[in-house]
Amino acid sequence: MDKIAVLIPCYNEAVTIKKVINDFQKVLPEATIYVYDNNSSDNTAEIAAAEGAVVRHEYQQGKGNVIRRMFRDIDAQCYIMTDGDDTYPAEFAREMCDKVLERNVDMVVGDRLSSTYFEENKRPFHNFGNSIVRASINTIFKSDIKDIMTGYRAFSYNFVKTFPVLSKGFEIETEMTIHTVDKNMFCENVVIEYRDRPEGSESKLNTYSDGFKVLMTIARLFKNYKPFPFFLIIALVLFVLSVGFFIPVLITFFKTGMVDKIPTVIVCGITMLAAIISFFSGLVLDTIKQKNRQDFEMELQKSNDRYKDLLKND
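Residues numbered from 1 in each chain as written. Predicted model: local features only at pLDDT ≥ 70, side-chain atom pairs only at ≥ 80, totals over all residues. Heavy atoms only, no water.

Caption draft 1: Seen up close, the side chain of Ser278. Tracing the chain through its elements places Ser278 in helix 11 (residues 262–313). Once residues within four sequence positions are removed from consideration, Ser278 is found in contact with Phe231, Ile234 and Ala235. (Helix = DSSP H or I, 4+ residues; strand = E, 2+ residues; numbered from the N terminus. Contact = heavy atoms within 4.5 Å.)

In structure tokens:
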């Protein structure tokens, strides 16, 4: 088992990967640096190997797929996840590691948004998107995570081995954040400096398509992690629609004693039935979610026991 594992998912980062590896080697000389190449068409893997990193390959495209493979393969007391594009300074890694190793923090978030992100990032829609995502998640899940989509994080062994990776792409960071909040895992923020990509390095993130995926991920995880509020909102909308369209029919009936819009009455009845079904679906799924949380706590205990065994064997 490594004491510290630095995880660097890479796709065509030949321009910057050498500097990233060298920077982390200076700050964390005891760490093992893993570079997972994700079908790069340049010589990213060769450069990383020449600099002393452990190079492995993940052939399923997408950052989420790479993170899934990393979490399965590597055992460590502390994990540092960063990008290979040299946007996250290595000098903050020691503080992040200390929080995991000394304070038993499960996830440390490298907070860009409280420092230089909005000045350094030259893509205004990215800035706007980060703010929207942060506000929506903190409101929905009643949390205080300062940077939802940062790629610079530190993790404990228990987090890594109990986190179910479902996302395939860049929405993985959003999924990590919501999982941490929902499962009441210990999370702290470290304010970091952010620098934009150097000249010659291109972002793999598509502002619109990946932004839409992130928003859909938030909606999906809201449904999965907060089923009762999610289905209650649907039930209320259906209830209001049903009552709203039925009131004019009811007023006409009281005035004339006749129902002149039979199709409207039928649709209102079906809509009200759907509202009732949605309400009780939320109740049932919320009960299942509570059982899943109990099962997760048991799995967390098993993970902690495995961690202790690994430490003894070392």
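From this point, things continue past the structure.
Caption draft 2: Examining the pattern of salt bridges more closely. Applying the stated criterion to the full structure yields 15 salt bridges. Residues Lys63 and Asp83 are paired through a salt bridge, measuring 3.0 Å at the closest nitrogen-oxygen approach. Of this pair, Lys63 sits in helix 3 (residues 63–73) while Asp83 sits in the loop between strand 4 (76–81) and helix 4 (93–103), placing them 20 residues apart in sequence. Each member of the pair, Lys63 as well as Asp83, carries the same accessibility label: buried. Two residues, Lys289 and Asp286, come together in a salt bridge whose shortest N-O distance is 4.0 Å. Note that Lys289 and Asp286 are positioned in helix 11 at a spacing of 3 residues, about one turn of the helix. Relative accessible area serves as the criterion here: at 12%, Lys289 is assigned to the buried category. (Salt bridge = Lys/Arg side-chain N within 4 Å of Asp/Glu carboxyl O. Buried < 20%, exposed > 50% of the residue type's maximum accessible area, 1.4 Å probe, protein only.)

Caption draft 3: Molecular detail of the packing of aromatic side chains. This structure, assessed with the given rule, holds 13 aromatic pairs. Following the ring pairs from residue to residue traces out a cluster consisting of Phe71, Tyr79, Phe155, Phe159 and Phe163. (Phe/Tyr/Trp six-rings, centres within 6.5 Å; stacked < 30°, edge-to-face > 60°.)

Caption draft 4: Here's a closer look at the environment of Val160. Secondary-structure assignment places Val160 in helix 7 (residues 157–162). Sequence-wise, Val160 and Phe71 are 89 residues apart; in three dimensions their C-alpha atoms are separated by 5.8 Å. Setting aside chain neighbours within four positions, we find Val160 in contact with Phe71, Tyr79 and Phe155.

Caption draft 5: The arrangement of the nonpolar core in detail. Within the largest apolar cluster, 36 residues are counted, with the highest numbers of intra-cluster contacts made by Leu7, Phe71, Tyr79, Phe155, Phe159 and Met176. Apart from residues no more than four positions distant in its own chain, Phe159 is found in contact with Phe71, Asp106, Met107, Met176, His179, Thr180 and Met185. (Core = buried A, V, L, I, M, F, W, Y, C linked by side-chain atoms within 4.5 Å.)

Caption draft 6: Up close: the layout of surface pockets. Approximately 360 Å³ is the volume attributed to the second largest pocket. Along its surface, the second largest pocket is lined by 19 residues, and Lys183, Asn224, Tyr225, Lys289 and Asn292 are the ones closest to its centre. Elements that contribute at least two residues to the lining of the second largest pocket include exactly helix 8 (172–182), helix 9 (207–225), helix 10 (227–256) and helix 11. With 6 residues, the top contributor of residues to the lining of the second largest pocket is helix 11. Residue composition of the lining of the second largest pocket, by class: 9 nonpolar, 4 polar and 6 charged. (1 Å grid on protein atoms, 1.4 Å probe; cavity = no way out; pocket = protein on both sides within 12 Å on 5 of 7 lines; lining within 4 Å. Points joined across faces, edges and corners; volume = space filled by probe spheres on them. Nonpolar A, V, L, I, M, F, W, Y, C, P; charged D, E, K, R; others polar.)

Caption draft 7: Spotlight on the packing of helix 10 against helix 11. Contact geometry of helix 10 with helix 11 gives a least axis separation of 8 Å together with a crossing angle of 165 degrees. As the angle between them shows, helix 10 and helix 11 are arranged roughly antiparallel. Helix 10 and helix 11 meet at a crossing whose hand is left-handed. The residue makeup of the contact of helix 10 with helix 11, split by class, is 20 nonpolar, 5 polar and 2 charged. (Axes fitted to C-alpha atoms, helices over the stretch in contact; angles between N-to-C directions. Parallel < 35°, antiparallel > 145°, perpendicular 65-115°, else oblique. Left-handed = near helix turned anticlockwise from the far one by under 90°.)

Caption draft 8: Summary view of helix 10. In a regular helix each residue adds 1.5 Å, so 30 residues correspond to 44 Å; helix 10 covers 43 Å between its end C-alpha atoms and thus fits that length. A maximum bend of about 30 degrees is found in helix 10 at Ile247, where proline Pro248 lies one to four positions downstream. Every buried residue of helix 10 is listed here: Pro227, Phe231, Ala235, Ser242 and Val249. (Expected span 1.5 Å × (residues − 1). Bend = angle between axes of the 7 residues up to and from the residue.)

Caption draft 9: Expanded view of a nonpolar patch on the surface. Together, Phe246, Leu250, Phe253, Phe254, Val259, Ile262, Ile266 and Ile270 make up an exposed nonpolar region whose accessible area comes to about 750 Å². Sorting the residues of the nonpolar patch by element identifies helix 10 and helix 11 as the ones contributing at least two each. Here the nonpolar patch gets 4 residues from one element, more than from any other, and that element is helix 10. Tracing the sequence through the fold places Val259 in the loop between helix 10 and helix 11. (Patch = residues over 30% accessible without salt bridge, like charges linked within 9 Å, V, L, I, M, F, W, Y side chains within 5 Å. Areas by Shrake-Rupley, 256 points an atom, 1.4 Å probe, with all protein chains shown as cover.)

Caption draft 10: The arrangement of the sheet that holds strand 5 (residues 107–111) in detail. With mixed pairing, the 7 strands of this open sheet are ordered in space as 3-2-1-4-6-5-7. Edge positions in the sheet fall to strand 3 (54–57) and strand 7 (187–191), since each of these pairs with one other strand and no more. The mean angle between the axes of side-by-side strands here comes to 20 degrees, regardless of whether they run parallel or antiparallel. Relative to strand 2 (residues 32–37), strand 1 (residues 2–10) is paired through 6 bridges, and the arrangement is parallel. (Pairing = 2+ DSSP bridges.)

Caption draft 11: Representation of the pairing of strand 7 in the model. Side chains Glu188 and Val190 project from strand 7 onto a buried face, and the interleaved Cys187, Asn189 and Val191 project onto a face without burial. In this sheet, strand 7 lies alongside strand 5 in parallel orientation, the contact comprising 5 bridges. Counterpart to Val108 in the pairing with strand 7 is Glu188.

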